[in-house]
Amino acid sequence: MSRIFDALKRSEAEYLDRDLGTPLESITDLLHAAEGRRVQQKLEVLPAPAWPEAFSLSAAQVLRSSPPADARLVCLTEPGSLGAEKFRALGLRLHNIRDTRKLKRIVVTGTAPEEGKSLIAANLALNQARSRSLRTLLVDGDFRRPTLAGRFGVGALLPGLSEALRGQHQLAEVVYKLDGCGLWLLPAGMAPENPLDLMQSGRLAEFLAELETVFDWIIIDAPPLFPLADTTFWMKLSDGVVLVVREGVTEKKMLQRAVESIDRSNLLGVVINSCSSIEHKYYYSRYGRAAMQPGQPTPPRGKSK
Ligand SMILES: Nc1ncnc2c1ncn2[C@@H]1O[C@H](COP(=O)(O)OP(=O)(O)OP(=O)(O)O)[C@@H](O)[C@H]1O
Ligand SMILES: [Mg+2]
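The text that follows walks through the structure, step by step, so that each part is easy to find. Per chain, the residues get numbers from 1 upward, laid out in the order the sequence is written. Chains carry letters and ligands carry numbers; both start at the beginning, A for chains and 1 for ligands, and go up in the order they are written. Where totals are concerned, whole chains, interfaces and linings use all residues; where local detail is concerned, this predicted model gives features only for residues with pLDDT of at least 70, and gives and counts side-chain atom pairs only at 80 or more. To get the side-chain values, all heavy atoms of the structure are used, and hydrogens and water are removed first.

On to the overall build of the protein, then. When helices and strands are tallied, the protein shows 12 helices and eight strands. For every residue, the accessible area obtained with a 1.4 Å probe (protein chains only) is divided by the maximum for its type, and the residue is called buried under 20%, exposed over 50%, and partly exposed between those limits. Across the 305 residues that make up the protein, the buried fraction comes to 50%. Partitioning the contacts of the protein with sequence separation of at least 6, the portion at a separation of at least 24 is 82%. Carbon together with sulfur atoms contributes 53% to the accessible area of the protein, which is approximately 15,200 Å² in total. Helix and strand assignments follow DSSP, with helices taken as H or I runs no shorter than four residues and strands as E runs no shorter than two, numbered in order from the N terminus. By the convention used here, residues are in contact when the closest approach between their heavy atoms is within 4.5 Å. With residues, only the protein chains shown are counted as cover, and all accessible areas are computed by Shrake-Rupley using a 1.4 Å probe.

Dropping the structure here:
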């Protein structure tokens, strides 16, 4: 884990050396997002817009969600766990950032397969949906390896974004309300032959603009940044990026490349998945509920490179 921190710190130091004259958050601060400090400067809070006639969520198909036993949706099934607590801290951090600037569309990505991007995106969306007055949409933006419909146990073959982009379904027909989760899901749908072509058709930007009028949070589960261009496209359409790294999976070199490739004003933070730091457990046992038994993450496969 220290290697991952080293890589992030080095990147931060290089960044600060550039002296861009912009008082942006440091990566180390972002890593400590869970301990979130309040951002001083606040913008005026505007009233929520009235729901437009064009996109009515009351007509959304309701699906009964029955996540499989290994879904690891801790924010749904273990709200008292350490994992769920960390998502609450991340959510708070995002709310704080939103006090200072527009932040609605959030892309969750990483550098490699199997880092836990989808897992983090799903739990983050569940957490944001806890406040019933705020509507949260979880978008499966990984056309090549979509997993969210399966993770929520609503059937992997649902028509979704892909069908809407092809004009085979209305957008409103492929946004589903997940019963018992408090959130809406826009699944990826059938894998297109060339996802990037479909994404660049121009409709995706329109769809997001439309969805933004009815949702307060739009969490997009994206593929890894490398070697595909899909995520770069998602990032262009988003307000911020959450980068997921996983001990034993994320390579230092790739992480550096990722941090360099993301526009710093868009990088909201880095989530370290499977963090088994003793420090964290100690902290929690002092201040948390004694009876709580935080779930131990699965040991990483192999060492950090
Ligand atoms: N902290 C964790 N503890 C245990 N298992 C985890 C953890 N994070 C992820 N996993 C498991 O690792 C596998 C990959 O997770 P996930 O699908 O979220 O990764 P991903 O980064 O989205 O992968 P892909 O690049 O294929 O989309 C899943 O089986 C998931 O349940
Ligand atoms: Mg995924």
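The cutoff for a nearby residue is simple: one of its non-hydrogen atoms must lie within 4 Å of the molecule or strand. Taken together, 16 residues lie near ligand 1, and Gly 116, Lys 117, Ser 118, Leu 119 and Asn 273 sit nearest. By the criterion applied in these results, polar contacts are pairs of N or O atoms within 3.5 Å in which, for protein atoms, one can donate a hydrogen and the other can accept it, and in which residues neighboring in sequence qualify only through two side-chain atoms. At 2.6 Å from an oxygen atom of ligand 1 is found a side-chain nitrogen or oxygen belonging to Lys 117. One of the side-chain nitrogen or oxygen atoms of Ser 274 is found 3.3 Å away from a nitrogen atom of ligand 1. Protein chains bury 85% of the 630 Å² of accessible surface belonging to ligand 1 in isolation. Basically, the charged four are Asp, Glu, Lys and Arg, the nonpolar ten are Ala, Val, Leu, Ile, Met, Phe, Trp, Tyr, Cys and Pro, and anything else, Gly included, counts as polar. Its residues assigned to classes, the shell around ligand 1 comprises three nonpolar, five polar and eight charged.

Taken as a whole, helix 11 (residues 252-261) has its buried residues at Leu 255, Gln 256, Ala 258 and Val 259. For helix 11, the angular spread of buried residues about the axis comes to 160 degrees, placing them on one side. This arc is taken over the directions from the axis of the helix to the C-beta atoms.

The subject of this paragraph is the environment of Leu 73. Along the chain, Leu 73 falls in the loop between strand 1 (62-64) and helix 3 (74-77). Sequence-wise, Leu 73 and Arg 151 are 78 residues apart; in three dimensions their C-alpha atoms are separated by 8.3 Å. Apart from residues lying up to four places away in sequence, Leu 73 is in contact with Pro 67, Glu 78, Ala 122, Asn 123, Leu 126, Arg 151 and Phe 152.

With that settled, consider the pattern of salt bridges. Criterion for a salt bridge: a side-chain nitrogen of Lys or Arg within 4 Å of a carboxyl oxygen of Asp or Glu. Throughout the structure, instances matching the rule amount to eight salt bridges. Arg 166 is the salt-bridge partner of Glu 163, the closest N and O atoms lying 4.0 Å from each other. Under the relative-accessibility criterion, Arg 166 is labelled partly exposed at 35%.

What follows is about the pairing of strand 7 (residues 240-246). Of all the seven residues making up strand 7, seven are buried; the element is thus mostly covered by neighbouring parts of the structure. Going residue by residue along strand 7, you find Gly 240, Val 242, Val 244 and Arg 246 tucked away on one face and Val 241, Leu 243 and Val 245 tucked away on the opposite face as well. Only strands that DSSP links by at least two bridges are regarded as paired with each other. Taken together, the five bridges between strand 2 (residues 105-110) and strand 7 define a ladder with parallel strand orientation. Paired with Ile 106 across the strands is Gly 240, a residue of strand 7. The pairing of strand 7 with strand 8 (residues 267-273) spans six bridges and is parallel.

Attention now moves to the packing of aromatic side chains. Each pair of aromatic rings taken from Phe, Tyr and Trp, with Trp reduced to its six-membered ring, is defined by centres within 6.5 Å and is described as stacked if the planes are under 30 degrees apart, edge-to-face if over 60, and tilted in the remaining cases. Inspection of the entire model under this criterion finds one aromatic pair. Seen from their ring centres, Trp 184 and Phe 215 are 5.6 Å apart, and the 70 degrees between their planes marks the pair as edge-to-face. Here Trp 184, found in strand 5 (residues 183-186), pairs with Phe 215, found in the loop between helix 9 (203-212) and strand 6 (217-221); they are 31 residues apart in sequence, far enough to count as distant. Over the ring of Trp 184 we find Lys 177, and its NZ or CZ is 5.0 Å from the ring centre. For a Lys NZ or an Arg CZ to count as sitting over a ring, it must be within 6 Å of the ring centre and within 35 degrees of the ring normal. The lysine or arginine in question, Arg 257, covers the ring of Phe 226, its NZ or CZ lying 4.1 Å from the ring centre.

It is worth spelling out the environment of Glu 85 at this point. Within the secondary structure, Glu 85 is located in helix 4 (residues 82-98). Looking at Glu 85, the relative accessible area reads 29%, which means it is partly exposed. Separated by 42 residues in sequence, Glu 85 and Asn 127 place their C-alpha atoms 9.6 Å apart.

Below, the discussion takes up the sheet that holds strand 7. Spatially, 1-4-5-3-6-2-7-8 is the arrangement adopted by the eight strands of the open sheet, whose pairing is mixed. A single partner strand is all that each edge strand has here, and the edge strands are strand 1 and strand 8. Adjacent strand axes in the sheet meet at a mean angle of 30 degrees when their direction is disregarded. Two strands pair when backbone bridges link them, and strand 4 (residues 176-179) and strand 5 are joined in this way by three bridges, in the antiparallel orientation. Counterpart to Leu 178 in the pairing with strand 5 is Leu 183. Orientation is described by lines fitted to C-alpha atoms, with helices fitted over the stretch in contact, and by angles between N-to-C directions that extend from 0 to 180 degrees.

Counting residues in each nonpolar core, the largest one holds 82 residues, and the members touching the most others are Leu 138, Leu 211 and Trp 234. A per-element tally of this core places helix 5 (residues 117-128) first, with six residues. Residue contacts for Leu 138: discarding those within four places in its chain leaves Ala 121, Ala 122, Ala 125, Leu 148, Phe 152, Leu 183, Trp 184, Leu 185, Leu 186 and Ile 219. By nonpolar core is meant a set of buried Ala, Val, Leu, Ile, Met, Phe, Trp, Tyr and Cys residues that side-chain atoms within 4.5 Å join together.

Closest axis-to-axis distance for the helix 4/helix 5 pair is 9 Å, and the angle between their directions is 70 degrees. Judged on the interaxial angle alone, helix 5 and helix 4 are roughly perpendicular. The way helix 4 lies across helix 5 gives a crossing that is right-handed. Across the interface between the two elements, Phe 87, Arg 88, Leu 90, Gly 91, Leu 94 and His 95 of helix 4 pack against Ile 120, Asn 123, Leu 124, Asn 127 and Gln 128 of helix 5. Counted by class, the contact of helix 4 with helix 5 contains five nonpolar, five polar and one charged residues. Just so you know how the angles are binned, under 35 degrees is roughly parallel, over 145 roughly antiparallel, 65 to 115 roughly perpendicular, and the rest oblique. Less than a right angle of anticlockwise turn of the near helix away from the far helix marks a crossing as left-handed, whereas a clockwise turn marks it as right-handed.

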